[in-house]
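Here is what each chain is made of, one letter per residue.
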Amino acid sequence: MSEPTKAPPAAAGRAATKKELPEHFKAYKHVWVFIEQERGQVHPVSWELMGAGRKLADKLKVDLAAVVIGPPGEAVQHAAAESFCYGADLAYIVSDDVLTDYRNEAYTKALTDVVNTFKPEILLLGATTLGRDLAGSVATTLLTGLTADCTELDVDADGSLAATRPTFGGSLLCTIYTLNYRPQMATVRPRVMPMPDRVEKPATRVIEHKLGLVEEDIVTKVLSFIPDRDSAKSNLAYADVVVAGGLGLGSPENFQLVRGLAAVLGAEFGCSRPLVQKGWVTSDRQIGQTGKTIRPKLYIAAGISGAIQHRVGVEGADLIVAINTDKNAPIFDFAHVGIVTDAIRLLPALTEAFRARLSPHSRDRIAS
């Protein structure tokens with residue numbers, strides 16, 4: 001009696017799902033970065049993404065392009081020229097009076113038009129309030145994939161964008177591919193990528209794209225601009241020194257020890273997610289994947305266990321000092337200096353020691 005025929009083993013990995021890229025997408029080349037600017041100010045995340053985009057473009061052996069959208073005038077031209085100093089090979093400009101203020105409909109139309117005309121294979125945007133709003137609508141309009149809040153970007157062996165981000169509440173990291181659609185889109189939060197060095201370069205190739213849109217076609221109207229009164233309240237993302245506390249502090253009253261040390265160091269203060277959930281600290285001070293990503297020169301973490309969602313928000317720091325009573329806390333796996341002790345006792349001693357050694361004029365130099 002013959003044995004039954006065995007089915008061949010299923011192909012493993014994403015190769016099993018890989019399909020041939022449709023013919024009309026094979027013309028899509030080059031890496032683009034959307035340069036976010038409002039009222040003449042470029043968001044620093046745009047330059048951080050230029051650094052990441054440069055690495056991707058070099059691996060793919062293609063051009064890196066900046067895309068600047070805004071009203072006619074010096075600010076847009078300056079942003080485009082500045083992009084060359086951060087690695088751009090060329091810049092696309094879409095300028096029109098209807099783009100004076102950010103409105104989703106107008107900016108989506110501008111960005112999708114230029115994408116459909118010049119066909120990039122990768123499009124990167126900052127995961128800011130504006131960038132998140134724009135990226136989602138552009139991806140939907142273009143019928144392509146979007147990976148949000150990435151912590152790492154790379155290109156695999158067959159040239160696909162490998163976009164890594166935390167998942168399952170920050171407990172795991174997953175890598176997402178957009179295999180059969182173009183452009184491959186991703187957003188990255190501020191301070192996740194390092195800021196590249198600025199190198200003075202002339203603006204060489206600048207391409208202006210005309211927007212076929214009039215004010216009457218846009219439903220949303222901007223009546224006035226009112227700055228956020230709390231916009232300067234927290235500067236965690238770009239602080240050189242950050243002191244943060246977690247549940248190990250035991251009570252809201254003990255969190256004042258974190259504030260005290262931060263004040264002496266001239267630092268910003270922050271916290272882990274549980275403290276926001278308990279209402280001890282406001283959400284603008286939360287550090288981690290669901291809060292702020294930071295890249296300070298010095299990060300002092302007191303009573304923070306170091307779960308992965310917190311780790312991805314701080315591992316770009318130059319020096320991490322962890323204080324925790326639990327010698328097996330995950331934070332000691334990635335901290336540069338670990339102190340196994342009670343933060344409630346150590347923080348006052350640190351504060352007094354720094355107060356005695358630091359003059360008011362030296363606090364702004366503590367990071368160096």
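Note that the structure is predicted; figures quoted are calculated from it, not measured.

Caption draft 1: Quick look at the packing of helix α3 (residues 104–118) against helix α4 (residues 129–142). Between α3 and α4, the least distance of the axes is 9 Å, while the angle of their chain directions is 50°. For the element pair α3 / α4, the angle class is oblique. In terms of crossing hand, the pair formed by α3 and α4 is right-handed. Touching Asn104, Tyr107, Thr108, Leu111, Thr112, Val115 and Asn116 of α3 are Asp133, Leu134, Ser137, Val138, Thr141 and Leu142, all from α4. Across the contact of α3 with α4, the residue classes break down as six nonpolar, six polar and one charged.

Caption draft 2: Quick peek at the environment of Val264. Take Val264: it is sitting in helix α5 (residues 256–265). With relative accessibility at 5%, the residue Val264 sits in the buried group.

Caption draft 3: Focus on the sheet that holds strand β16 (residues 320–324). In space, the five strands of this open sheet follow the order β14-β13-β15-β16-β17, with parallel pairing throughout. Edge positions in the sheet fall to β14 (268–271) and β17 (337–340), since each has one partner strand and no second. Along the sheet, successive strands turn relative to each other by an average axial angle of 15°, direction set aside. Bridging between strand β13 (residues 241–245) and β14 involves four bridges; their strand directions are parallel. Directly across from Val242, in β14, lies its bridge partner Glu268. α5 contacts β13, β14 and β15 (298–302) of the sheet and is inclined by roughly 170° relative to β13. Strand contacts of helix α8 (residues 343–357): β15, β16 and β17, with the helix running at about 135° to β16, the strand carrying the most contacts.

Caption draft 4: Inspection of the environment of Phe269 at higher detail. In this structure, Phe269 sits in strand β14. Residue Phe269 is classed as buried on the basis of its relative accessible area, which comes to 13%. Separated by 28 residues in sequence, Phe269 and Val241 place their C-alpha atoms 8.6 Å apart.

Caption draft 5: Up close: the sheet that holds strand β9 (residues 161–167). In space, the three strands of this open sheet follow the order β8-β9-β10, with antiparallel pairing throughout. Each having just a single partner strand, β8 (152–155) and β10 (172–176) make up the two edges of the open sheet. Direction aside, neighbouring strands of the sheet carry axes that sit 25° apart on average. Relative to β9, β8 runs antiparallel, the two being bridged by four bridges. Note on β9: the bridge partner recorded for Asp154 is Ala162.

Caption draft 6: Up close: the side chain of Glu121. With respect to the helices and strands, the residue Glu121 is situated in the loop between α3 and β6 (122–126). Arg182 is the oppositely charged side chain nearest to the buried, salt-bridge-free Glu121, at an N-O distance of 5.2 Å. With residues up to four places along the chain from it excluded, the contact list for Glu121 reads Tyr28, Lys29, His30, Leu60, Val62, Arg182, Pro183 and Gln184.

Caption draft 7: Highlighting the packing of aromatic side chains. Throughout the structure, instances matching the rule amount to seven aromatic pairs. Relative to Tyr92, the ring of Trp32 has its centre 4.7 Å away and its plane inclined at 40°; by these criteria the two rings are tilted. In this pair, Trp32 is assigned in strand β1 (residues 31–35) and Tyr92 in strand β5 (residues 90–95), connecting sequence segments 60 residues apart. The exposure class assigned to Trp32 is buried, which follows from its relative accessible area of 1%. When the centroid spacing of 5.0 Å and the interplanar angle of 65° are considered together, the rings of Tyr102 and Tyr107 count as edge-to-face.

Caption draft 8: Here's a closer look at the packing of α5 against α8. Between α5 and α8, the shortest axis-to-axis distance is 9 Å and the interhelical angle comes to 20°. One element, α5, and the other, α8, form an angle in the roughly parallel class. Seen along the crossing, α5 lies across α8 with a hand that is left-handed. Residue-level inspection shows Leu257, Val258, Gly260, Leu261, Val264 and Leu265 of α5 in contact with α8, the latter providing Ile344, Leu347, Pro348, Leu350, Thr351, Phe354 and Arg355. When its residues are assigned to classes, the contact of α5 with α8 shows 10 nonpolar, two polar and one charged.

Caption draft 9: Inspection of unusual backbone geometry at higher detail. Between Arg182 and Pro183 the backbone carries a cis peptide bond, its omega angle lying at 0°. Despite not being glycine, Arg39 has its phi angle at roughly 50°, a positive value.

Caption draft 10: Molecular detail of the pairing of strand β4 (residues 64–70). The element β4 is extensively covered by neighbouring structure, given that seven of its seven residues are classed as buried. The alternating pattern of β4 places Leu64, Ala66, Val68 and Gly70 and Ala65, Val67 and Ile69 on opposite faces, both of which are buried. Pairing between β1 and β4: five bridges, direction parallel. Looking at the pairing, Val31 lines up with Leu64 of β4. Across six bridges, the pairing between β4 and β5 is parallel. If you follow Gly70 over to β5, its bridge partner there is Ser95. Each parallel crossover has a hand, and the one from β4 via helix α2 (residues 74–85) to β5 is right-handed.

Conventions used here
- Residues numbered from 1 in each chain as written.
- Predicted model: local features only at pLDDT ≥ 70, side-chain atom pairs only at ≥ 80, totals over all residues.
- Heavy atoms only, no water.
- Axes fitted to C-alpha atoms, helices over the stretch in contact; angles between N-to-C directions.
- Helix = DSSP H or I, 4+ residues; strand = E, 2+ residues; numbered from the N terminus.
- Parallel < 35°, antiparallel > 145°, perpendicular 65-115°, else oblique.
- Left-handed = near helix turned anticlockwise from the far one by under 90°.
- Contact = heavy atoms within 4.5 Å.
- Nonpolar A, V, L, I, M, F, W, Y, C, P; charged D, E, K, R; others polar.
- Buried < 20%, exposed > 50% of the residue type's maximum accessible area, 1.4 Å probe, protein only.
- Pairing = 2+ DSSP bridges.
- Lys, Arg positive; Asp, Glu negative; His and termini not counted.
- Salt bridge = Lys/Arg side-chain N within 4 Å of Asp/Glu carboxyl O.
- Phe/Tyr/Trp six-rings, centres within 6.5 Å; stacked < 30°, edge-to-face > 60°.
- Right-handed = clockwise from strand over helix to strand, strands pointing away.

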